[in-house]
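A look at the structure
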Amino acid sequence: MQEDTKVGFKDECGVVGVYGHTHAAELARRMLFALQHRGQEGAGIYTSDGEALHGKKGMGLIDTVFQGPKSLNKLRGNSAIGHVRYSTAGGNELCNVQPFCTGELALAHNGNVPDTEEIERTIAEQGVHRESTSDSEIILHLISIAPGKTIVDRIIWSLSQVRGSYSLTILSKDSIIAVRDPFGFRPLVMGKVGEKTIVFASETCALDIVGATFIREVEPGEIIIVGQSSVESYRLPTSEEEAQCLFERVYFSRPDSEYDGEPLQQTRERMGQILAQECPADADIVIAVPDSGIPAARGFAKALNIPYEVGFIRNHYIGRTFIEPLQEDRYNGVILKLNPIRNTLREKRVVVVDDSIVRGTTSKIIVAMLFASGAKEVHLRISCPPTKFPCFYGVDTPNRNKLIAANKTVEQIREFIGCTSLAYLSLAGLKNAAGNKTSFCSACYDGQYPIKVKHLLQIQAAI
Ligand code: SF4
């Protein structure tokens, strides 16, 4: 995806948990490193040595916050949780960096709880003082004040009051707990290192980096508690129809992460194949907007038997340029990041595949670069449906009035972008490519929100 500015989609967060390893903090650090694409604003790790919790967190990338093994010296103990952050609620400040800790419990959260007023009232009535503006801290405080004899009782009591998306890792002095909301919006998987160490992570790529074997997904609505002699599973009382985030499959999760036993690289190739069947183009070459458009472009090329070529070289050293919302900087951001290969493009009818269009401004720049490099025709193909609605479940999307597809027809978008033709993958095609084993949230494409939230009601009233 190329709308990498403050007004584009932003990744959510990533969580990890480790139980039963002498180097728990180091394992957590490596796993977070594998999840860096899920959040670059801040990172943190808490550990337990059985008597106390120890934490370190800071702003920036993992290797900024944890510079070398010495940075972990104070993080003693055999269990750890960790978090990489992109702000979906709360501002981009140190006080909002996770995990949050009460001294007794620490918590890392991937997701978003849109309506927190009632819960805030409940915790305020108990005299709890918040240090951040994050919805995740509210969940932790709710668990801390909850009645119940066991930690599981307290989690069940608390989360029964929370409507939203949450994949959580929670650390107590003697256990690790992983929880996924009843809809299963955000992913959460469980693995094993050797015989004794249990790990949890947002994606399977974080298991691979520590040599863990995949055990299974944490199921929607499941609570797994890992202690010294047991791994126990409990259920939240509410059951809902599963609503895994479709956009994780299209873009957010790393292509080497697996869902239903298949790496997303393959799933995304299938998106490209179905896109080619639905909206073919008569062209000489297929290229991708790197890196995230590559698998779908390869699938598209294969399906139509058109050569796949590298049309852009991406400079990886400027990172994800979610930097400035200003038009001029976005233009410079694209130019800095992508360089077209003129010899490949000259005099060619080009299909260019990308994974989404947010405002359309980046696509417009890319198309202009292709024509300026000598392309005769530029056919833009998008491996998901038009994004028309904002997300309330952990993905930071622009306001609806900034989403080009919410305000223009496909033909009007094509005119704005300036390409020869434009087509999107259908929602049915996307679901088919993603595998029909799971039911999905597709609210940003079709406005069918699995949870009604107050902001949403206001938006729908304005449509
Ligand atoms: S609204 Fe879109 S981005 Fe948000 S959870 Fe649903 S599918 Fe994912």
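Residues numbered from 1 in each chain as written. Predicted model: local features only at pLDDT ≥ 70, side-chain atom pairs only at ≥ 80, totals over all residues. Heavy atoms only, no water.

Turning our attention to the overall build of the protein. The number of helices and strands found in the protein is 17 helices and 23 strands. Here the C-alpha radius of gyration of the protein, 22 Å, is about what a compact globule of 463 residues would show, namely 23 Å. Referenced to the eigenvectors of the C-alpha coordinate spread, the extents of the protein come out at roughly 70 × 50 × 40 Å. Looking at the protein residue by residue over its 463 residues, the buried ones come to 59%. Residue pairs in contact within the protein that sit at least 24 positions apart in sequence constitute 70% of those at least 6 positions apart. Accessible area for the protein stands at about 18,300 Å²; split by element, carbon and sulfur atoms hold 49% of it. (Helix = DSSP H or I, 4+ residues; strand = E, 2+ residues; numbered from the N terminus. Rg over C-alpha atoms; globule rule 2.2 N^0.38 Å. Buried < 20%, exposed > 50% of the residue type's maximum accessible area, 1.4 Å probe, protein only. Contact = heavy atoms within 4.5 Å. Areas by Shrake-Rupley, 256 points an atom, 1.4 Å probe, with all protein chains shown as cover.)

Turning next to the state of the cysteines. Taken as a whole, this structure holds zero disulfides when the rule is applied. Looking at the unpaired Cys384, the closest cysteine sulfur is the one in Cys444, lying at 7.5 Å. (Disulfide = S-S within 2.5 Å.)

It is worth spelling out the domain arrangement of the protein at this point. Each assigned domain of the protein is listed with its residue range as follows: domain 1 (14-242) and domain 2 (263-462). Computed from C-alpha coordinates alone, the two centres of domain 1 and domain 2 are separated by 32 Å. Carbon and sulfur atoms make up 57% of the surface buried where domain 1 meets domain 2, a total of about 1,400 Å² over both sides. Looking only at domain 1, the three residues that lose the most surface to domain 2 are Asp115, Phe185 and Glu242, adding up to 31% of its buried area. (Domains from an automatic or database assignment. Buried area = accessible area lost by both parts, 1.4 Å probe.)

Here we take up the site of the ligand. Near the ligand you find Arg186, Cys245, Leu246, Phe247, Cys391, Tyr393, Val395, Cys441, Ala443 and Cys444, and these make up its full shell. For the ligand, the cavity whose grid points lie within 2 Å of the majority of its atoms is the largest cavity. Elements represented by at least two residues in the shell around the ligand include exactly α7 (246-252) and α16 (443-446). Of the residues contributing to the shell around the ligand, the split by class is nine nonpolar, no polar and one charged. (Near = heavy atom within 4 Å. 1 Å grid on protein atoms, 1.4 Å probe; cavity = no way out; pocket = protein on both sides within 12 Å on 5 of 7 lines; lining within 4 Å. Sits in = over half its atoms within 2 Å of the grid points. Nonpolar A, V, L, I, M, F, W, Y, C, P; charged D, E, K, R; others polar.)

With that out of the way, let us pick up the environment of Ile170. Note that Ile170 resides in strand β7 (residues 165-171). Here Ile170 falls in the buried class, since its relative accessible area comes to 0%. Distance from Ile170 to Asn110, taken between C-alpha atoms, is 12 Å for residues 60 residues apart in sequence. What Ile170 contacts, discounting residues up to four positions off in sequence, is Ile81, Leu105, Ala106, Leu107, Ile143, Ile155, Ser175, Ile176, Ile177 and Val179.

Glancing now at the sheet that holds strand β9 (residues 189-193). Read from one edge of the open sheet, seven strands run β3-β2-β4-β1-β10-β9-β11, paired in antiparallel fashion. A strand with exactly one partner marks an edge of an open sheet, and here the two such strands are β3 (53-59) and β11 (213-217). Between one strand axis and the next, the sheet turns through 15 degrees on average, direction left out of account. Against the sheet, helix α1 (residues 24-34) touches β1 (14-19), β2 (42-48), β4 (79-85), β9 and β10 (197-201), its axis set at about 155 degrees to β1. (Pairing = 2+ DSSP bridges. Axes fitted to C-alpha atoms, helices over the stretch in contact; angles between N-to-C directions.)

Under the defined criterion, the tally for this structure stands at 22 salt bridges. With a closest N to O distance of 3.9 Å, Asp49 and Arg76 form a salt bridge. Residue Asp49 is located in the loop between β2 and β3, and its partner Arg76 is located in the loop between α2 (62-65) and β4; the two are separated by 27 residues in the primary sequence. Here Arg76 falls in the partly exposed class, since its relative accessible area comes to 45%. (Salt bridge = Lys/Arg side-chain N within 4 Å of Asp/Glu carboxyl O.)

The next subject is helix α12 (residues 361-372). Helix length check: α12, at twelve residues, gives a terminal C-alpha distance of 17 Å against a target of 16 Å (1.5 Å per residue), a fit within 8%. Of the residues making up α12, those classed as buried are Thr361, Thr362, Ser363, Ile365, Ile366, Val367, Met369 and Leu370. Just beyond α12, the residue with positive phi is Gly374, at close to 105 degrees. (Expected span 1.5 Å × (residues − 1).)

Moving on, we come to the sheet that holds strand β8 (residues 176-180). One open sheet holds the six strands; their spatial order is β5-β6-β7-β8-β12-β13, and the pairing between them is antiparallel. On the outer flanks of this sheet lie β5 (100-101) and β13 (231-235), each paired with one strand and no other. In the sheet, strand β12 (residues 222-226) pairs with β13 via five bridges, with the strands oriented antiparallel. Bridge pairing links Ile223 to Tyr234 in β13. Its contacts with the sheet put helix α4 (residues 135-145) on β5, β6 (106-112) and β7, and the angle it makes with β6 is roughly 130 degrees.

The next point concerns empty space enclosed by the protein. Per the stated rule, a full pass over the model turns up four cavities of 30 Å³ or more. The volume enclosed by the largest cavity comes to roughly 140 Å³. Going through the elements one at a time, α7 and α16 are the ones with two or more residues in the lining of the largest cavity. Across the lining of the largest cavity, the residue classes break down as 13 nonpolar, three polar and one charged. (Points joined across faces, edges and corners; volume = space filled by probe spheres on them.)

Turning our attention to the packing of aromatic side chains. A full pass over the atoms with the stated rule returns eight aromatic pairs. Arranged with centres 6.0 Å apart and planes meeting at 45 degrees, the rings of Phe247 and Tyr251 form a pair that is tilted. Placement of both Phe247 and Tyr251 in helix α7 is noted, with a separation of four residues, approximately one turn of the helix. With relative accessibility at 3%, the residue Phe247 sits in the buried group. We classify Tyr251 as buried; its relative accessible area is 8%. Taken together, a centroid distance of 5.1 Å and an interplanar angle of 75 degrees make the contact between Phe247 and Phe252 edge-to-face. A relative accessible area of 2% means that Phe252 is categorised as buried. Lying across the ring of Phe416, Lys364 places its NZ or CZ 4.5 Å from the centre. (Phe/Tyr/Trp six-rings, centres within 6.5 Å; stacked < 30°, edge-to-face > 60°. Lys NZ or Arg CZ within 6 Å of the ring centre and 35° of its normal.)

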